[in-house]
Amino acid sequence: MVARFEELAWRETPIGEISLRRRRDPSLDVDVYEVKLDDEFLMSSLFPVAEIELARLGLAQLDGTALDVVVGGLGLGYTARTALEDSRVRSLVVVEAIEDVIDWHRRDLLPFAAGLAADPRTRFVRTDFFAAVASGAGFDPESPGRRFHAVLLDVDHSPRQVLHPSHADFYTVDGLRRLAALLHRDGVFALWSNDPPDPAFQRTLTEVFPTSVAHVVRFPNPLQGREAANTVYVARF
């Protein structure tokens with residue numbers, strides 16, 4: 001008999017206790033995988049729609065082939081796995097600060113992300129995404145300052161609700177300009193947010209990127225019996 005609840009991994013990190021757990025939801029008859037930071041839920045396999053759309057909406061804005069893509073924040077792997085489904089993606093650098101999260105995928109603890117770690121296009125880089133941008137060194141330790149065609153970011157709850165105070169500077173004009181310096185011309189920056197579109201942040205985006213759109217991604221919430229929504233910002237350099 002499969003256990004109704006199982007903690008698959010746990011670790012103390014600089015930003016709190018992070019854990020991965022699996023539970024059986026009898027009402028939906030599915031296994032639910034959840035990530036918690038301390039007592040706060042970060043993500044759930046019940047609600048992957050916006051994480052998937054982060055990759056689809058971001059990459060849809062790009063022309064050409066042989067795309068080099070960065071995913072900031074690995075989590076349950078939906079964004080990275082969806083990016084690899086685009087045959088134009090030549091390389092995928094996944095930037096994740098917590099080694100244990102990378103290890104979840106190397107150990108195939110998440111069945112819906114199977115193949116992510118084994119794909120030859122994938123490379124995990126264990127570093128702080130925000131520190132990498134602030135330093136100017138970028139996301140590839142073997143090639144400092146390397147430019148990419150797309151950066152897809154899903155770490156903080158939103159530009160206003162950050163997981164750590166050190167992240168806040170990234171969402172300013174100066175922070176986004178440092179990010180833009182790591183993109184090819186016509187490159188794309190896409191960002192997941194749990195909040196509705198933020199007019200102030202949209203104005204900040206337009207000071208750095210010639211075009212930007214806030215997409216509202218709606219999806220059913222079976223736990224509450226209602227529709228929920230996230231925002232995906234897509235900006236083109």
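Residues numbered from 1 in each chain as written. Predicted model: local features only at pLDDT ≥ 70, side-chain atom pairs only at ≥ 80, totals over all residues. Heavy atoms only, no water.

Looking at an unreviewed UniProt entry, one finds the chain named Spermidine synthase, with Micromonospora auratinigra as its source organism.

J.: What's the story with the sheet that holds strand β4 (residues 40-44) in this structure? I'm lost.
T.: Sheet strands associate in pairs through backbone hydrogen bonding, adopting either a parallel or an antiparallel arrangement. Spatial strand order, β1-β2-β3-β4: four strands in an open sheet with antiparallel pairing. Sheet topology places β1 (5-13) and β4 at the edges, where each strand pairs with a single neighbour. The average angle at which neighbouring strand axes cross in this sheet is 20°, direction not considered. Two strands pair when backbone bridges link them, and strand β3 (residues 30-37) and β4 are joined in this way by four bridges, in the antiparallel orientation. By the bridge assignment, Glu 34 is partnered in β4 with Ser 44. On the sheet, helix α3 (residues 99-106) packs against β1, β2 (16-25) and β3 and is oriented at approximately 30° with respect to β2. (Pairing = 2+ DSSP bridges. Helix = DSSP H or I, 4+ residues; strand = E, 2+ residues; numbered from the N terminus. Axes fitted to C-alpha atoms, helices over the stretch in contact; angles between N-to-C directions. Contact = heavy atoms within 4.5 Å.)

J.: Even after reading the chapter, I still don't get the domain arrangement of the chain, so can you show me in this structure?
T.: Frequently, the measure chosen for interface size is the accessible area that the parts lose on association. Here the chain is partitioned into domain 1 (5-44) and domain 2 (48-236). Computed over C-alpha atoms only, the centres of domain 1 and domain 2 are separated by 21 Å. At the junction of the two partners, domain 1 supplies 20 residues and domain 2 supplies 17 residues. A combined buried area of about 1500 Å² lies between domain 1 and domain 2, and 76% of that area is made up of carbon and sulfur atoms. Linking domain 1 to domain 2 there are zero salt bridges. Connecting domain 1 to domain 2 are one residue pair in polar contact (both at pLDDT 80 or more). (Domains from an automatic or database assignment. Buried area = accessible area lost by both parts, 1.4 Å probe. Salt bridge = Lys/Arg side-chain N within 4 Å of Asp/Glu carboxyl O. Polar contact = N/O pair within 3.5 Å; in protein donor to acceptor, adjacent residues only side chain to side chain.)

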